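Each chain, letter by letter, is given below.
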Amino acid sequence: MRTFWHKSYVCPVCNSQFEAVRIFTDAIKIKSRESDLKPVYDGVNALMFQLVSCPKCLYTSFEDDFEELHIPHVEAIKRMHEKLKGFEIELSENKSVRDAAAQYNIAAVMYVAREKFFRAAESFLKLAWLYRDVNALDEEKKALERAKEMFLKSYMEEDLSEDHQIATLFYLGEIEKRLGNKREATRWFSELFKRFSKSDSIYVKQARQEWQEVAFEK
C-alpha cells in the first residue's frame, strides 16, 4: 500500500506554486487514543503531515484553510517572512520531528496574526503531542501552556461553533489536569457539563471520565 502522494497548491501570500506531501487516507491507522484524545498511530505518524507550508515564504496552515487568507493578514504574514529568511525546514516525507515542530510553531504564530485563535490552540496542542511522542516532556509542557492560552483567548474572543466550544472547554480542563492544576481542571469540566450535558460529543464523554479521575485524586 502506498503511503504518500503529492498535492499541488498556490501560496496565497507569495503566489508560488508548489507540491506538498500528503498521506493516503487508507494508510492512516489509529491504534488507540490517550486521555486527551491524542491518536496513537500504527505506522506513519499523521501528525507529521497535517500542515501545509509554502517552501518559498513558509506560510503555514492546516490544509482545510490554507487559501482562506484575507488581504490585511497577507501583509502581516509577509512581514513575518522577513524574520524567517534563512530558516530551513525539510518538507519531504523524510522530515524529522524537529521539522514538523517548526511547522506547528510557525502555523500557530500565523494563526494568531490571522486572528484564528482556536486554530492556533490546535497547532500548539498538536505540537505538544509531537513532543510527547519523543518523550520531550519539558517541551511538551511549554506547548501545552501555549495551547491553554490560545484556547482561553479563543473561548473569550471568538464566535465559536458549538462543536468548537465543546472542544475548547474540554481541552481547557484536560490541559489544566495534565499541568497538575486540579481545581482549574474541575472548573472547566464542570462548565462543559453545565452548558453541554446533553451533547453526545466524544469530548463530553471523555470529560466525564477525566473529571472522575481528578475528583478521585483529591
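Everything below is about the structure shown above.
Let us look at the structure shown here.

Calculation rules
- Residues numbered from 1 in each chain as written.
- Predicted model: local features only at pLDDT ≥ 70, side-chain atom pairs only at ≥ 80, totals over all residues.
- Heavy atoms only, no water.
- Helix = DSSP H or I, 4+ residues; strand = E, 2+ residues; numbered from the N terminus.
- Expected span 1.5 Å × (residues − 1).
- Buried < 20%, exposed > 50% of the residue type's maximum accessible area, 1.4 Å probe, protein only.
- Phe/Tyr/Trp six-rings, centres within 6.5 Å; stacked < 30°, edge-to-face > 60°.
- Pairing = 2+ DSSP bridges.
- Core = buried A, V, L, I, M, F, W, Y, C linked by side-chain atoms within 4.5 Å.
- Contact = heavy atoms within 4.5 Å.

1. Considering unusual backbone geometry
Point 1. Even without being a glycine, Leu37 presents a positive backbone phi close to 70°.
Point 2. Secondary-structure assignment places Leu37 in the loop between strand S3 (30–33) and strand S4 (39–41).
Point 3. Positive phi, close to 60°, is recorded for Asn135, a residue that is not glycine.
Point 4. Positionally, Asn135 belongs in the loop between helix H3 (117–133) and helix H4 (137–157).

2. Here's the deal with H3
Point 1. The first and last C-alpha atoms of H3 sit 25 Å apart over 17 residues, in line with the 24 Å expected at 1.5 Å per residue.
Point 2. Counted residue by residue, H3 has 16 buried out of 17 residues, so it is predominantly covered.
Point 3. Note on H3: the residue one or two positions beyond its end, Asn135, has a positive phi of about 60°.

3. Some words on the packing of aromatic side chains
Point 1. For the structure on display, the rule yields 16 aromatic pairs.
Point 2. Between Phe151 and Tyr171, the aromatic rings sit 5.5 Å apart at their centres with planes inclined by 15°, giving stacked as the arrangement. Highlighted residues: Phe151 in helix H4 and Tyr171 in helix H5 (residues 162–178), separated in sequence by 20 residues. Judged on exposure class, the residue Phe151 and its partner Tyr171 are both buried.
Point 3. Taking the centre distance of 6.5 Å and the plane angle of 80° together, the rings of Phe193 and Trp211 count as edge-to-face. Within this pair, whereas Phe193 is found in helix H6 (residues 182–196), its partner Trp211 is found in helix H7 (residues 202–217), the two being separated by 18 residues in sequence.

4. A look at the pairing of strand S2 (residues 17–23)
Point 1. Judged by how many residues are buried, S2 sits mostly within the fold: five of seven residues are covered.
Point 2. The pairing of strand S1 (residues 4–10) with S2 spans seven bridges and is classified as antiparallel. Each bridged residue has a counterpart across the sheet, and for Tyr9 the counterpart in S2 is Phe18.
Point 3. Taking the residues that link successive antiparallel strands as the turn, the S1-S2 hairpin has six residues, and the phi of Asn15 there is positive, at about 65°.

5. Some words on the nonpolar core
A general trend in soluble globular proteins is that nonpolar side chains are found buried together.
Point 1. Residues Phe151, Tyr171 and Leu192 are the most contacted members of the largest nonpolar core, which totals 53 residues.
Point 2. Those elements giving two or more residues to this core turn out to be S2, helix H2 (97–113), H3, H4, H5, H6 and H7.
Point 3. Counting residues per element, this core draws most heavily on H3, at eleven residues.
Point 4. When neighbours within four sequence positions are excluded, Leu192 is seen to be in contact with Ile166, Leu169, Phe170, Ser197, Tyr203, Val204 and Ala207.

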